[in-house]
Amino acid sequence: MTPDVPAPTASYEPTRGFTGRARAADRDPRLPPGQYDARDGWPVLSAEVTPRLTAAEWTFRIDGLVAAPRTWTWDEAHALPPSEYRGDIHCVTSWSKFGVRFGGVSLDTFLAAARPLPGASHVVAYSHTGYTTSLPLDDVTGGKAWIVWEYEDGPLPAEHGGPARLIVPHLYFWKSAKWIAGLRLLDRDEPGFWEQNGYHHRGDPWAEERYAGD
Ligand SMILES: Nc1nc2c(c(=O)[nH]1)N[C@H]1C(S)=C(S)[C@@H](COP(=O)(O)O)O[C@H]1N2
Ligand SMILES: [Mo]
């Protein structure tokens, strides 16, 4: 108890005609609305038990509306040109993490080999566990999505999706399927696990697209 220290909320007190600006000055500009900085923590959010999946067993497939459906093994995926993401991630349960590094291969590299057909507009990403999430194709192309197996300087921990996961960091992190098994390209939006359970279909953290109807 430190009664002579002003309450920390004092600086957030709305001033007439100045609301929001005072707030914005105090907030880290990397923090989307309604989020907090998890700092050193990285919560684990899994609907399923962490699977026992070795690198040798892991495969990644692209099929559906593509000219050349195919499956990559761990070694085949690692032979592709490496790519990394350095930046922020945002979970819909309201934590964000700043300046993290993930290493792997750009999804563009895999998609270039599979060659999406003209009618393809959406993807369903699915995990080796059965978890699914749906995304517009535009949200996973153009340098916005990766298949990753490194976190900071080490292998991606199993509870965070290792051996490999999808990351789509410009959207809420439920789109970033852990233990990624594949991507199916479709000509329509086919809602995945959380999208069928009340979450928003797109999930832009800057627009606070948390739930259906947001
Ligand atoms: N296979 C699978 N992937 C998943 C999930 C899950 O339950 N299963 N949860 C999603 C959600 S809601 C979030 S916020 C992130 C959490 O990733 P983390 O546990 O590495 O923080 O993974 C996403 N990918
Ligand atoms: Mo989440």
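Residues numbered from 1 in each chain as written. Chains lettered and ligands numbered in written order. Predicted model: local features only at pLDDT ≥ 70, side-chain atom pairs only at ≥ 80, totals over all residues. Heavy atoms only, no water.

### Digging into the overall build of the chain
Next, step 1: When you go through the chain residue by residue, the secondary structure sums to three helices and eleven strands.
Next, step 2: Going from the N terminus to the C terminus, the chain shows its helices and strands as α-β-β-β-α-β-β-α-β-β-β-β-β-β.
Next, step 3: Across the 214 residues that make up the chain, the buried fraction comes to 43%.
Next, step 4: For the chain, the exposed area adds up to about 11000 Å²; of that, 54% sits on carbon and sulfur atoms. (Helix = DSSP H or I, 4+ residues; strand = E, 2+ residues; numbered from the N terminus. Buried < 20%, exposed > 50% of the residue type's maximum accessible area, 1.4 Å probe, protein only. Areas by Shrake-Rupley, 256 points an atom, 1.4 Å probe, with all protein chains shown as cover.)

### Overview of the pattern of salt bridges
Next, step 1: Tallied over the entire structure, the rule returns 13 salt bridges.
Next, step 2: One salt bridge connects Asp63 with Arg61, and the closest N-O pair in it is separated by 2.9 Å.
Next, step 3: Linked through salt bridges whose partners overlap, the residues forming this network are Glu84, Arg86, Arg101 and Glu150. (Salt bridge = Lys/Arg side-chain N within 4 Å of Asp/Glu carboxyl O.)

### Quick notes on the nonpolar core
Next, step 1: Core analysis: the biggest nonpolar cluster contains 35 residues, and Ile62, Leu107 and Ile147 have the highest contact counts within it.
Next, step 2: Looking at this core, the elements that each hand over two or more residues are β2 (59–64), α3 (107–114), β6 (122–127), β8 (146–151) and β11 (180–186).
Next, step 3: For this core, the leading source of residues is α3, giving four residues.
Next, step 4: Ignoring sequence-local partners within four residues, the contact set of Leu107 consists of Phe60, Val140, Ala145, Trp146, Ile147, Leu166 and Leu183.
Next, step 5: If you look at the next biggest cluster of nonpolar residues, it comprises 14 residues, including Ala38, Trp95, Val100 and Ile167. (Core = buried A, V, L, I, M, F, W, Y, C linked by side-chain atoms within 4.5 Å. Contact = heavy atoms within 4.5 Å.)

### Overview of the site of ligand 1
Next, step 1: Within the structure, ligand 1 sits among 21 residues, and Pro43, Ala47, Glu48, His160 and Lys178 are positioned closest to it.
Next, step 2: At 3.0 Å, a side-chain N or O of Trp42 approaches an oxygen atom of ligand 1.
Next, step 3: The backbone of Ser176 places a nitrogen or oxygen atom 3.0 Å from a nitrogen atom of ligand 1.
Next, step 4: Taking 530 Å² as the accessible area of ligand 1 by itself, protein coverage stands at 98%. (Near = heavy atom within 4 Å. Polar contact = N/O pair within 3.5 Å; in protein donor to acceptor, adjacent residues only side chain to side chain.)

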